[in-house]
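The primary structure of each chain is shown beneath.
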Amino acid sequence: MCSTMSLLVLLSIIGYVELIKVSTPHKYVNVTRGTDVLLPCTFVTSAPDTKNLNIQWDFVATSSAIPKPVYYYLSGTVDIAKSYEGRVQPPSSPATTKNAAIIIRNMQPSDAGVYSCQVHNLPDVEGKSEADIIVLVFETPSTPYCSVHGDVESGHLVTLTCHSERGSPPPTYTWIRLDQARTRRPVLGRTTETGILEIRNISQFEFGEYQCNATNGAGFSTCTLELNHDVGDGVIAGAVIGALLGCVLIVLVVWFIAHTLKKHKYKAVKVSEGNEMMSSTQAPEASDSVTTATTPSNLHAEGDEPKD
């Protein structure tokens, strides 16, 4: 190690040290989520031989300060980090083309950050051996969810909220009010970039249709809601009416079941009483028929007896 350093120092003194220059045409690269990105990087070396050419790509995420390896090339041997396997397309013949550019497929918001292209080619030990590229991954905000909080009545505090689940970079939110002619009107209230609109002491002048726009570099999405004095009262009245109708329906169902059971029980009692009456009626009739049948025979028998 010491002999190598000594040799480099000696070469530097006598003026034999070669220079290398690494460059990229784009300092910033924007890409949409799910698409591929080309990270350009070229180099110029004054060394006549490139058999010791070394190329390395590192990545530092926007939420981290620790570099992570992406791609490594040394004397024709290629190594791709496991987290990028199947996504990184390495440069073709970088030793002859002097091109160290790579392609990363299916970019995601987590891929946003700084990518560093480093090239070394001994005996090149001086010069600009590194070029950085800042990559921004854009994703259109998802359709935001709008909601109303508070009593929508004159003199009350009403808060409107708006939020998108997805979006990169994180979207900013703006509120506008639309009249019946769909004309934009100024919003009377305190707004924040996080999607909150506070309307204190709301009056009829603040009623109408409100629209929230979630916007970032990839595009925007909107949601709308209607704000009027009938919103709060209507919700309460609807709930009360629904509860009353539910109670009435339950009472009707119970009455119908009880009435049906009572009706069936009444019919059963009637049928039972009818059967008993029929049984009691048929018994005397049977006795009378026997008596009627035997009386003529007795009379006939008395008529036939010999007279004294």
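Up top is the structure these notes are about.
So, here is what we can say about the structure in this document.

Cut-off values and rules
Residues numbered from 1 in each chain as written. Predicted model: local features only at pLDDT ≥ 70, side-chain atom pairs only at ≥ 80, totals over all residues. Heavy atoms only, no water. Salt bridge = Lys/Arg side-chain N within 4 Å of Asp/Glu carboxyl O. Helix = DSSP H or I, 4+ residues; strand = E, 2+ residues; numbered from the N terminus. Buried < 20%, exposed > 50% of the residue type's maximum accessible area, 1.4 Å probe, protein only. Disulfide = S-S within 2.5 Å.

1. Observations concerning the pattern of salt bridges
Move 1: The full count for this structure, using the stated rule, is four salt bridges.
Move 2: Linking Asp111 and Arg87 is a salt bridge whose minimum nitrogen-to-oxygen distance equals 2.6 Å. Highlighted residues: Asp111 in the loop between strand S9 (102-104) and strand S10 (113-121) and Arg87 in the loop between strand S7 (77-80) and strand S8 (88-89), separated in sequence by 24 residues.
Move 3: Judged by relative accessible area, Asp111 falls into the buried class, the value being 5%.
Move 4: One salt bridge connects Glu139 with Arg166, and the closest N-O pair in it is separated by 3.6 Å. Taken together, the residues Glu139 in the loop between strand S12 (130-138) and strand S13 (145-149) and Arg166 in the loop between strand S14 (158-163) and strand S15 (172-178) connect sequence positions 27 residues apart.
Move 5: You can call Glu139 buried: its relative accessible area is 11%.
Move 6: The exposure class of Arg166 is partly exposed, given its relative accessible area of 48%.
Move 7: Taken together, the shared-partner salt bridges connect Arg33, Glu139 and Arg166 into one network.

2. What to know about the state of the cysteines
Move 1: Tallied over the entire structure, the rule returns three disulfides.
Move 2: In this model Cys41 forms its disulfide with Cys117; the gap between the sulfur atoms is 2.1 Å. With the S-S dihedral at roughly -80 degrees, the linkage between Cys41 and Cys117 falls on the left-handed side. A residue pair is termed long-range when its members are at least 10 positions apart, and Cys41 in the loop between strand S3 (37-39) and strand S4 (42-45) and Cys117 in strand S10 qualify at 76 residues. Side by side, Cys41 and Cys117 carry an identical accessibility label, which is buried.
Move 3: What links to what in the protein chain: the bonded cysteines, counted in sequence order, pair as 1-2, 3-6, 4-5.

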